[in-house]
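As a plain string of letters, each chain reads:
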Amino acid sequence: MHRPAISDFQQRCYEVLARVPAGRVTTYSEIAKALGSRASRAVGTAMAQNSQLITIPCHRVVRSDGSVGEYALGQQEKTALLTKEGITIRKGKVVDFDQVIYRF
DNA sequence: CATCTGACACAGA
DNA sequence: GTCTGTGCCAGAT
């Protein structure tokens, strides 16, 4: 009840994201591309709407310039989770971004 | 149907 | 390298 229905677009965002393994990241823009769209903003909105931190690893989604981006529990928590998965973050940006980004 | 909002991207300064 | 403005798309009102 009071639970908004998940749109097709959102569900596809989560499916794509689920392909990203721990230790790797993806970007809002890349997810959009994987869906045949350029709606990077809508992807971010989809993550914010869901915030299923258990089933959906939305902490692995960062900005296209390598900066961490937003997170339901805050950037600090997002950074901590990524660090635990082996990703190094310095000054709010992913180190060796091109090496850790997952290519669909 | 019109308008606003946002976990963004990109170009210019 | 940082900051600002403009464009973008889907969802909400």
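Look up a bit, the structure's there.
Residues numbered from 1 in each chain as written. Chains lettered and ligands numbered in written order. Predicted model: local features only at pLDDT ≥ 70, side-chain atom pairs only at ≥ 80, totals over all residues. Heavy atoms only, no water.

**Some remarks on the overall build of chain A**
Consideration 1: Per the secondary structure count, chain A includes five helices and four strands.
Consideration 2: Listed N to C, the secondary structure of chain A is α-β-α-α-β-α-β-β-α in terms of helices and strands.
Consideration 3: Here the C-alpha atoms of chain A give a radius of gyration of 13 Å, agreeing with the 13 Å that 2.2 N^0.38 yields for 104 residues.
Consideration 4: Overall, the C-alpha framework of chain A stretches about 40 × 30 × 20 Å when taken along its three principal axes.
Consideration 5: Sorting the 104 residues of chain A into buried and exposed places 36% on the buried side.
Consideration 6: In chain A, of all internal contacts separated by at least 6 residues, the share reaching a separation of at least 24 is 60%.
Consideration 7: Counting every atom, chain A has about 6600 Å² of accessible surface; 48% of that belongs to carbon and sulfur.
Consideration 8: Taking the average location of the 15 positive side-chain charges in chain A and that of its 9 negative ones, the two points are 2 Å from each other. (Helix = DSSP H or I, 4+ residues; strand = E, 2+ residues; numbered from the N terminus. Rg over C-alpha atoms; globule rule 2.2 N^0.38 Å. Buried < 20%, exposed > 50% of the residue type's maximum accessible area, 1.4 Å probe, protein only. Contact = heavy atoms within 4.5 Å. Areas by Shrake-Rupley, 256 points an atom, 1.4 Å probe, with all protein chains shown as cover. Lys, Arg positive; Asp, Glu negative; His and termini not counted. Charge placed at Lys NZ, Arg CZ, Asp CG, Glu CD.)

**As for the side chain of Thr27**
Consideration 1: Within the element layout of this structure, Thr27 appears in strand β1 (residues 26-27).
Consideration 2: Of note is the side chain of Thr27, whose polar atom sits 2.9 Å from the backbone nitrogen of Glu30.
Consideration 3: Excluding residues that lie within four positions of it along the chain, Thr27 makes contacts with Val61, Val62, Arg63, Ser64, Phe97 and Ile101. (Polar contact = N/O pair within 3.5 Å; in protein donor to acceptor, adjacent residues only side chain to side chain.)

**Some thoughts on a nonpolar patch on the surface**
Consideration 1: Together, Leu53, Ile54 and Leu73 give the surface a local cluster of nonpolar side chains, amounting to about 320 Å² of exposed area.
Consideration 2: As for its position among the elements, Leu53 is in the loop between α3 (40-50) and β2 (61-62). (Patch = residues over 30% accessible without salt bridge, like charges linked within 9 Å, V, L, I, M, F, W, Y side chains within 5 Å. Salt bridge = Lys/Arg side-chain N within 4 Å of Asp/Glu carboxyl O.)

**Comments concerning unusual backbone geometry**
Consideration 1: Positive phi values are uncommon outside glycine, yet Lys91 reaches one of about 55 degrees.
Consideration 2: In the Ramachandran plot, Asp96 falls in the positive-phi region, its phi being about 55 degrees despite a non-glycine side chain.
Consideration 3: Within the secondary structure, Asp96 sits in the loop between β4 (93-94) and α5 (97-100).

**Let's talk about the protein's contact with DNA strand C**
Consideration 1: Every residue close to DNA strand C is listed here: Ser7, Phe9, Arg38, Ala39, Arg41, Ala42 and Lys93.
Consideration 2: Taking all atoms of DNA strand C within 4 Å of the protein, the share assigned to sugar and phosphate is 57%.
Consideration 3: The separation between a phosphate oxygen of DNA strand C and a polar side-chain atom of Ser7 is 2.7 Å.
Consideration 4: Taken together, the residues of the surface near DNA strand C break down into three nonpolar, one polar and three charged. (Near = heavy atom within 4 Å. Nonpolar A, V, L, I, M, F, W, Y, C, P; charged D, E, K, R; others polar.)

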